[in-house]
Every structure is written in C-alpha cells, then in structure tokens.
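Structural overview for review
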Amino acid sequence: MLGTLVAFMVANPAMSHALTATLETAGLSAALILLRSPRPEGIAALVVSTYYYGREAGQREHDIKHAGWDAVQAHLGAEFLYGWSLPNLQQWVAPTCAAWVVAGAIYLIRSRMARAAPLQPPRRGRP
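Residues numbered from 1 in each chain as written. Predicted model: local features only at pLDDT ≥ 70, side-chain atom pairs only at ≥ 80, totals over all residues. Heavy atoms only, no water.

1. Describing the UniProt feature "signal peptide" (unreviewed entry) in the chain
Selection rule: UniProt positions are given in the numbering used here, feature names are shortened, and annotations may be inferred rather than shown by experiment. Secondary structure elements follow DSSP: runs of H or I of four or more residues count as helices, runs of E of two or more count as strands, with numbering from the N terminus.
In the numbering used here, UniProt assigns the feature "signal peptide" (unreviewed entry) to residues 1-18. In this annotation, residues 1-18 is assigned 89% helix and 0% strand; the end-to-end C-alpha distance for the span is 20 Å.

Structure below.
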C-alpha cells in the first residue's frame, strides 16, 4: 500500500503536490483559526501558493542556468515564467489551485456555520 502510494506520487508530481498542498492548507488554516487570525483561509492559501511557486521557480532557475543561460536571464525566466517547462508549470499550478479550493471550502463551511448559529449576547442577571 505505502509502496504503491510512493510510486504514484513519484510518477505524478503535480498530483502529489496538489494533495500535499491540500493537507498543508487545511492544517495551516486550522492553526490560524485557533489563533483567531483575520482571514485565516486566505492567508493559508497564499502561504502555500507562495511556497510552491518559490520551490518550482528555484528549481527552474537552477535548470535554466545549467542549460547555459546567464544568471540574470535565468533569474528573470524563473521569476516571470518564461523558460519554464510544462511539468514546472503543472507542479506550481496544481497545488496553487488545490490550496485556493481548500481555502474556499473552509470559508464556505465557516460562513454557513456562522449563519446557522448566530451568537447570542450573554444574559445579565435574572429576568
């Protein structure tokens, strides 16, 4: 079972990134909700998206340098998505989309829960 899962994740890096981003976004959102952070779902999705963009851009910059580009061209190519291969884009787009879908789902769940059970003001004294 574990061997099959690892083989699947190695063979499908974009999907494995998306699954990992789903768990990371949910976990980060839960922590931020407990800390009463404003807009925890959006913050979590932004952090996860930025992490995966940086990861793929860093790897792509490294690959571009080894392909013979100078350091400035390689940096700009990684920064502005030119010189990227389709797998690089997939490995960034898939987790980014997954992170924002999870953030949207958490937001919808929280907003529906808030509408379903409005807060009652505490009672003062006996009536």
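Next, the rest of the story.
2. Considerations on the environment of Cys-97
Looking at the element boundaries, Cys-97 is found in helix H5 (residues 86-116). Considering only alpha carbons, one finds Cys-97 and Pro-38, 59 residues apart in sequence, at a separation of 21 Å.

3. Looking at the packing of helix H3 (residues 40-66) against helix H4 (residues 71-79)
Applied cut-off: Inter-axis angles, ranging from 0 to 180 degrees, are taken between N-to-C directions of lines fitted to C-alpha atoms, where helices are fitted over the stretch in contact. Should the near helix be turned counterclockwise from the far one by less than a right angle, the crossing is left-handed, whereas a clockwise turn marks it as right-handed. Note on contacts: a residue pair qualifies if any of its non-hydrogen atoms lie within 4.5 Å across the two residues. Think of it as three bins: nonpolar holds Ala, Val, Leu, Ile, Met, Phe, Trp, Tyr, Cys and Pro, charged holds Asp, Glu, Lys and Arg, and polar takes everything else, Gly as well.
Between H3 and H4, whose axes approach to 8 Å, the crossing angle comes to 150 degrees. As H3 runs across H4, the sense of the crossing is right-handed. Touching Tyr-53, Ala-57, Glu-61, Ile-64 and Lys-65 of H3 are Ala-71, Ala-74, His-75, Gly-77, Ala-78 and Glu-79, all from H4. Of the residues belonging to the contact of H3 with H4, the class tally is six nonpolar, two polar and three charged.

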